[in-house]
Amino acid sequence: MTHPIPAAGGSDEPARPLRAGIVGTGGISELHAQALAAVDGAELVGVADLDPERARAFAERWSRASGPLVEPVADLDALLALDLDVLHVCTPPAVHAEQALAAFAAGVHVVCEKPAALSLAELKTMTDAAAAAGRQLAIVFQQRTGTAAAHVRALLADGALGRPLVATCQTLWYRPQSYFDVPWRGTWASEGGGPTLGHGIHQIDLLAHLLGDWASVSGQLWRLGRETETEDVSTAVLTFANGVVASVVTSALSPREVSSVRIDTELATVTVDHLYGHGHENWRITPAPGVEQRPEWELPAVEEGSGHVPLVREVYEALRSGAPLPAVAAAPARSLEIVTALYSSAATGRTVTPATLRDDPARLRSLESPVTDLRR
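Since the model is a prediction, treat every value here as computed from it, not as a measurement.

1. Considering the pattern of salt bridges
Reasoning step 1: For the coordinates displayed, the defined rule picks out 15 salt bridges.
Reasoning step 2: Note that Arg223 is salt-bridged to Asp373, the shortest N-O span being 3.2 Å. A residue pair is termed long-range when its members are at least 10 positions apart, and Arg223 in strand E8 (residues 214-223) and Asp373 in strand E14 (residues 372-373) qualify at 150 residues.
Reasoning step 3: For Arg223, a relative accessible area of 11% translates into the label buried.
Reasoning step 4: Asp373 gets classed as partly exposed once you look at its relative accessible area, which sits at 35%.

Written out as structure tokens, the structure is:
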């Protein structure tokens, strides 16, 4: 059944809140519940998890926090039967596509944690199903959000910083062996890829959100310190259609953790250094020698940091009005294309472009790739 979305306007009566459900009650689901509680026009009504006790505890906690009763149910079918408008997918990535397809078949929009799918082929089944059902698929890349990111993106698009030239993108995180020992992690079959897909994709996505279409990727996969099927480090040179050349490093072995994007333009250097989220204090615009700081470069007086709240708010505003998804949730395949190109380049030894990526059907179906093992 296809659920009509209540219109926001055109009537004296306020539109009812959109009814939301969450499948999967791991750590990331707390951020979704917090966002739903903070956003006008959204109402969390149900939750499902393989562990009934965990689902019950989650439902009790958020029933108290958000007001409306949150019902714990046995499975996804029961959750979709609660007359949902939106399903939030917070499960491991191996089941994202299956759950999203079930939601679209029920006429329900989907907000899905990254990575949205284990492959571009799988993601295409999701986007095709969304289009056929007339529903929306929003992927959670919350690093795109926040007033600073929006401001810098506008400056780059308007040419206010001059032509962007060179960039670095670093995801230097630390995960002990116990992290990879969780059954679904560290395997091509269940996690889809290593830290490049699971961790680095956030900063890669932010970089592409700021700079636009990608042009080529030359990448390498390394296993340096962990017992895992996948890589624990990757390196790449990424170019963009506007001529920017970027160096990209992703690591799960770095004790001093940082997430960093730097873009050097003709007039200034833009940097954001943070870990899992950024506010104005994490961003800096440094003029080039001989260039004066310009008033239009200043960050907005009113600040909002990155996070799930602004993303969910903008997505729900679009769903309620019938507008296209906002920039913070659009282009669902862009960063997965870049990551897939990195794995493809490592597998084939070639520089990969958007056109030649289609010449590697194996990587379109699965990111499994040979990894250079340099462990002692």
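2. Some points on the nonpolar core
Reasoning step 1: Counting residues in each nonpolar core, the largest one holds 76 residues, and the members touching the most others are Leu79, Leu87, Met126, Leu137, Leu207, Leu238 and Phe240.
Reasoning step 2: In terms of residue count, the dominant contributor to this core is helix H8 (residues 195-211) (eight residues).

3. Comments concerning the side chain of Thr239
Reasoning step 1: With respect to the element layout, Thr239 can be found in strand E9 (residues 233-240).
Reasoning step 2: One polar contact links Thr239 to Ser216, side chain to side chain, over a distance of 2.5 Å.
Reasoning step 3: With near-sequence residues (within four places) excluded, Thr239 lies in contact with Trp214, Ala215, Ser216, Val244 and Val245.

4. Things to note about the environment of Leu336
Reasoning step 1: Relative to the helices and strands, Leu336 is located in helix H10 (residues 334-348).
Reasoning step 2: Sequence separation between Leu336 and Lys114 is 222 residues; the distance between their C-alpha atoms is 9.5 Å.
Reasoning step 3: In contact with Leu336, other than residues within four places in its own chain, are Ala117, Ser119, Leu120, Leu123, Leu197 and Ile201.

5. With respect to helix H4 (residues 96-105)
Reasoning step 1: Listed as buried for H4 are His96, Ala97, Gln99, Ala100, Ala103 and Phe104. For H4, the arc enclosing every buried residue in end-on projection is 165°, short of the 170-degree limit, so these residues lie on one face. The exposed set on the far side of H4, more than 90 degrees from its buried face, consists of Glu98 and Ala105.
Reasoning step 2: Contacts from the buried residues of H4 go to strand E1 (18-23), helix H3 (76-80), strand E4 (86-89), strand E5 (109-113), helix H5 (120-133) and strand E6 (137-140).
Reasoning step 3: Positive backbone phi, approximately 80°, marks Gly107, located one or two places after H4.

6. Points about the packing of aromatic side chains
Reasoning step 1: The full count for this structure, using the stated rule, is four aromatic pairs.
Reasoning step 2: Ring geometry for Tyr179 and Phe180: centres 5.4 Å apart, planes at 85°, overall edge-to-face.
Reasoning step 3: The class of Tyr179 is buried, set by a relative accessible area of 17%.
Reasoning step 4: Judged by its relative accessible area of 7%, Phe180 falls in the buried class.
Reasoning step 5: Ring centres of Trp188 and Tyr343 lie 5.8 Å apart, and the angle between their planes is 80°; this geometry places the pair in the edge-to-face category. Of this pair, Trp188 sits in the loop between helix H7 (177-180) and H8 while Tyr343 sits in helix H10, placing them 155 residues apart in sequence. Exposure class is identical for Trp188 and Tyr343. Each is buried.
Reasoning step 6: A cation sits over an aromatic face here: Arg175 above Tyr179, 5.4 Å from the ring centre.

7. So, the sheet that holds strand E12 (residues 268-274)
Reasoning step 1: On the basis of which strands lie adjacent, the open sheet formed by eight strands has the order E13-E12-E11-E7-E10-E9-E8-E14 and mixed pairing. The outermost strands of the open sheet, each flanked by one partner alone, are strand E13 (283-287) and E14.
Reasoning step 2: Across five bridges, the pairing between E12 and E13 is antiparallel. Each residue of the ladder has a partner; that of Ala268, found in E13, is Pro287.
Reasoning step 3: Contacts between helix H6 (residues 147-158) and the sheet are confined to strand E7 (164-174), strand E11 (253-265), E12 and E13, with E13 contributing the most and set at about 30° to the helix.
Reasoning step 4: Against the sheet, H10 makes contact with E8 and E9, and its axis sits at roughly 55° relative to E8, the strand it touches most.

8. Concerning the confidence of the model for the protein
Reasoning step 1: Predicted confidence across the protein gives a mean pLDDT of 95, with 95% of residues reaching 70 or more.
Reasoning step 2: Considering each helix and strand of the protein separately, the mean pLDDT is smallest for helix H2 (residues 52-66), with a value of 89, and largest for strand E10 (residues 245-251), with 99.
Reasoning step 3: Below pLDDT 50 for its whole length, residues 7-12 participates in four contacts with residues either more than four positions away or in separate chains.

Reading guide: rules and limits
Residues numbered from 1 in each chain as written. Predicted model: local features only at pLDDT ≥ 70, side-chain atom pairs only at ≥ 80, totals over all residues. Heavy atoms only, no water. Salt bridge = Lys/Arg side-chain N within 4 Å of Asp/Glu carboxyl O. Helix = DSSP H or I, 4+ residues; strand = E, 2+ residues; numbered from the N terminus. Buried < 20%, exposed > 50% of the residue type's maximum accessible area, 1.4 Å probe, protein only. Core = buried A, V, L, I, M, F, W, Y, C linked by side-chain atoms within 4.5 Å. Polar contact = N/O pair within 3.5 Å; in protein donor to acceptor, adjacent residues only side chain to side chain. Contact = heavy atoms within 4.5 Å. Arc of directions from axis to C-beta. Phe/Tyr/Trp six-rings, centres within 6.5 Å; stacked < 30°, edge-to-face > 60°. Lys NZ or Arg CZ within 6 Å of the ring centre and 35° of its normal. Pairing = 2+ DSSP bridges. Axes fitted to C-alpha atoms, helices over the stretch in contact; angles between N-to-C directions. pLDDT = per-residue confidence, 0-100.

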